[in-house]
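# Examination of the molecular architecture
This is what each chain is made of:
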Protein chains: 2
Amino acid sequence: MSAAPRVYLAGPDVFLPDPMAAAETMRAACAAAGLEGVFPLDAALVRMHEEPLTAFAARIRAANLDLIRGCAGVIANVSPFRGPSADDGTAYEMGFATALGLPVFTWSSDTRSLLARTRDLIDLFAHGADWRDAEGMLVEEFGLPVNLMLVDPATGPVHPHFEAAVATAAARLLTD
Amino acid sequence: MSAAPRVYLAGPDVFLPDPMAAAETMRAACAAAGLEGVFPLDAALVRMHEEPLTAFAARIRAANLDLIRGCAGVIANVSPFRGPSADDGTAYEMGFATALGLPVFTWSSDTRSLLARTRDLIDLFAHGADWRDAEGMLVEEFGLPVNLMLVDPATGPVHPHFEAAVATAAARLLTD
């Protein structure tokens with residue numbers, strides 16, 4: 001039997017109070033579906049003595065990109081993060097993986113449209129058929145739960161929870 | 001003389017009240033530096049009769065990725081967007097370009113550290129040496145103005161304005 005396909009678990013879960021507990025839960029769900037979950041903190045980097053913070057940050061970034069390069073796909077948590085949008089670091093990793101040809105499967109704790117969710121969080125103003133914020137910036141409205149760049153039609157919709165994204169990823173990666 | 005290197009102008013500027021005016025200003029600054037600015041709306045897509053919004057969104061996404069593929073570099077606006085973080089669609093495009101090997105140059109209207117800016121916008125709580133939000137989620141602190149994934153040491157710091165990013169991009173792309 002060949003090794004389980006490795007999937008990188010992108011998302012703001014690394015910022016949780018107990019990220020390793022979250023990682024173990026996600027890894028178990030992946031394993032049950034025949035996948036090997038790879039968590040961003042798996043590189044287990046430690047700041048070196050007197051290493052400048054920006055140098056440490058650069059090492060973490062390089063390690064995460066290397067972890068992605070070693071995976072067959074990505075499962076990304078695009079839940080709203082400190083505002084209506086997805087975590088920007090997660091989005092960066094999704095774009096990186098996509099350009100490498102890796103399928104990216106997404107899930108969100110809130111699959112309402114971006115407009116509906118933004119309207120809940122921020123004062124919006126109607127402008128013809130558009131909705132704009134106090135700075136006059138348009139709110140995208142394509143009925144999608146995230147910015148349109150984050151939705152790859154080739155890998156399906158934004159799933160309503162992690163397990164659903166795992167199931168779709170397994171169906172794809174175990175038959176490729 | 002060879003053609004000016006094309007640079008993709010990633011950012012939430014597409015949501016401005018008059019995005020084409022912003023595009024022209026940015027394009028002029030690029031031209032003055034010997035670069036050709038490529039704006040996401042350059043694909044000039046129009047929704048087809050009765051085309052589902054999600055299908056239109058997918059066409060826009062594909063067109064933007066194609067524009068990036070045709071460029072020699074990216075200049076990205078990572079200014080805070082509806083919260084402390086950068087626009088997630090912009091971050092996605094940056095990651096995509098990076099994996100293609102394109103240099104990505106960044107600028108922001110606010111180059112304070114992510115922690116300093118987040119503290120201004122959201123109630124944070126000290127937790128040992130860390131700062132956490134009301135959900136207990138850690139705020140990254142590496143002294144960087146954005147999530148660490150968005151800072152590529154190979155292309156310099158986050159510049160304080162667009163023109164500075166253009167100058168760095170030109171210095172790099174016109175000598176490569």
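See the structure above.
Before going into details, it helps to say that this report is about the structure given with it. (Residues numbered from 1 in each chain as written. Chains lettered and ligands numbered in written order. Predicted model: local features only at pLDDT ≥ 70, side-chain atom pairs only at ≥ 80, totals over all residues. Heavy atoms only, no water.)

## Describing the overall build of chain A
Heads up, the rule is: Going along the chain from the N terminus, every DSSP run of H or I of four or more residues is numbered as a helix, and every run of E of two or more is numbered as a strand. The atom set for the radius of gyration is the C-alpha atoms, and the globule formula is 2.2 Å times the number of residues raised to the power 0.38. Whether a residue is buried, partly exposed or exposed follows from its accessible area with a 1.4 Å probe, protein chains only, as a fraction of its type maximum: under 20%, in between, or over 50%, in that order. When charges are counted, neither His nor the chain ends are considered; positive counts come from Lys and Arg and negative counts from Asp and Glu. Charge positions are represented by NZ for Lys, CZ for Arg, CG for Asp and CD for Glu.
Within chain A, the regular secondary structure consists of five helices and six strands. Going from the N terminus to the C terminus, chain A shows its helices and strands as β-α-β-α-β-α-β-α-β-β-α. For 176 residues, the compact-globule estimate of 2.2 N^0.38 gives 16 Å, and chain A sits close to it at 18 Å. A principal-axis box enclosing the C-alpha atoms of chain A has dimensions of 55 × 45 × 30 Å. Taking all 176 residues of chain A together, 54% fall into the buried category. With 12 positive and 22 negative side-chain charges, chain A shows a spacing of 3 Å between the two charge centroids.

## Re the environment of M137 of chain B
To keep it simple, the criterion reads: Between two residues, a contact is recorded if the distance between any of their heavy atoms is within 4.5 Å.
Considering the arrangement of structural elements, one finds M137 of chain B in the loop between β6 (130-132) and α5 (162-173). Residue classification places M137 of chain B among the buried residues on the basis of a relative accessible area of 11%. A sequence separation of 13 residues divides M137 of chain B from L124 of chain B, and the C-alpha atoms of the two residues are 9.6 Å apart. With near-sequence residues (within four places) excluded, M137 of chain B lies in contact with P12, F15, L16, F81 and R82 of chain A together with W131 and R132 of chain B.

## Re the state of the cysteines
Put simply, the rule is: Two cysteine sulfurs form what is called a disulfide whenever their separation falls within 2.5 Å.
Per the stated rule, a full pass over the model turns up zero disulfides over all chains. Not part of a disulfide, C71 of chain A finds its nearest cysteine sulfur in C30 of chain A, a span of 9.9 Å.

## A word on the packing of aromatic side chains
All names here are of chain B. How we decide: Paired rings are identified among Phe, Tyr and Trp, the last through its six-membered ring, by centres lying within 6.5 Å, and are further divided according to the angle between planes into stacked (under 30 degrees), edge-to-face (over 60) and tilted (the rest).
Considering all chains together, one arrives at six aromatic pairs over all chains under this definition. Seen from their ring centres, F15 and F81 are 5.7 Å apart, and the 25° between their planes marks the pair as stacked. Note that F15 is positioned in the loop between β1 (6-10) and α1 (19-32) and F81 in the loop between β3 (73-77) and α3 (88-99), a separation of 66 residues in sequence. Residue class for F15 comes out buried when judged on its relative accessible area of 9%.

## Quick word on the nonpolar core
As a reminder of what qualifies: Take the buried residues of types Ala, Val, Leu, Ile, Met, Phe, Trp, Tyr and Cys, join any two whose side-chain atoms come within 4.5 Å, and each joined set is a nonpolar core.
Counting residues in hydrophobic clusters, the biggest one holds 58 residues, and the most contacted among them are L150 of chain A together with L150 of chain B. Taken together, the elements giving at least two residues each to this core come down to β1 (6-10), α2 (53-69), β3 (73-77) and α3 (88-99) of chain A together with β1, α2 (53-69), β3 and α3 of chain B. Those residues in contact with L150 of chain A that sit more than four places away from it in its chain are V78, A86, A91, M94 and T106 of chain A together with D88, G89 and Y92 of chain B.

## A closer look at the relation of the copies chain A and chain B
Two chain copies here: they are related by a rotation about an axis and a translation along the same axis. Selection criterion: The copies were overlaid by least squares, fitting only the C-alpha atoms of residues that reach a pLDDT of 70 or more in each copy.
You can overlay chain A on chain B at an RMSD of 0.0 Å; the transform is a turn of 180° with a shift of 0.0 Å along its axis. Such a turn and shift between the copies fits a two-fold axis. Both copies share a contact surface, since 100% of the interface residues of chain A are interface residues in chain B too.

## Thoughts on the interface of chain A and chain B
Often the size quoted for an interface is simply the accessible area lost on bringing the parts together. Going by this rule: Take the accessible area each of two parts loses on contact, using a 1.4 Å probe, and add the two losses: that sum is the buried area. In the sections that follow, a salt bridge refers to a side-chain nitrogen of Lys or Arg positioned within 4 Å of a carboxyl oxygen of Asp or Glu.
Each partner contributes to the interface: chain A provides 51 residues, whereas chain B provides 51 residues. Taken together, the two surfaces of chain A and chain B that pack against each other cover about 4400 Å², and 68% of this comes from carbon and sulfur. Between chain A and chain B we count four salt bridges in total. In this structure, D152 of chain A and R61 of chain B form a salt bridge, with 3.8 Å as the shortest nitrogen-oxygen distance.

## Some remarks on the pattern of salt bridges
All names here are of chain A. Inspection of the entire model under this criterion finds 22 salt bridges over all chains. Taking the shortest distance from any N to any O, the salt bridge between R27 and E24 comes out at 3.3 Å. Here R27 pairs with E24, and both are found in helix α1 (residues 19-32), just three residues apart, close to one helical turn. When salt bridges with common partners are traced through the structure, they connect D110, R112, R117 and D120 into a single cluster.

## Side note on the side chain of T118 of chain B
We count it as follows: Any pair of nitrogen or oxygen atoms within 3.5 Å is treated as a polar contact; in protein, a donor-acceptor pairing is required on top of that, and neighbouring residues in sequence qualify only through side-chain atoms on both sides.
Within the fold, T118 of chain B resides in helix α4 (residues 114-121). Within the local environment of T118 of chain B, its side chain forms a polar contact with the backbone oxygen of L114 of chain B, the two atoms lying 2.6 Å apart. Residues within four places of T118 of chain B in sequence aside, it is in contact with R82 of chain A together with P84, L124 and V139 of chain B.

## Some remarks on the pairing of strand β4 (residues 104-107) of chain A
Residue and element names in this part refer to chain A. Operational definition: Following DSSP output, two strands are said to pair if at least two bridges run between them.
On β4, burial covers both faces: V104 and T106 on one face and F105 and W107 on the other are all buried. Relative to β4, β3 runs parallel, the two sharing four bridges. The residue bridging N77 from the neighbouring strand is W107, located in β4.

## Some details on α2 of chain A
Just so we agree on the cut-off: Helix span is expected to be 1.5 Å times the residue number reduced by one.
When the terminal C-alpha atoms of α2 of chain A are compared, their 24 Å separation across 17 residues agrees well with the 24 Å that a helix rising 1.5 Å per residue should span. Among the residues of α2 of chain A, those classed as buried are F56, A57, I60, R61, A63, N64, L65, L67 and I68 of chain A. Where α2 of chain A is buried, its residues contact β1, β2 (36-38), β3 and α3 of chain A together with α3 of chain B.

## As for the sheet that holds β3 of chain B
All names here are of chain B. To keep it simple, the criterion reads: Axis definition: a line fit to C-alpha positions, over the contact stretch in the case of helices; interaxial angles, taken between N-to-C directions, run 0 to 180 degrees.
Strands sit in the order β2-β1-β3-β4 across an open sheet of four strands; the sheet is parallel. Single-partner strands in this sheet number two, and they are β2 (36-38) and β4 (104-107). Direction aside, the axes of adjacent strands within the sheet are offset by 25° on average. The pairing of β1 with β3 spans four bridges and is parallel.

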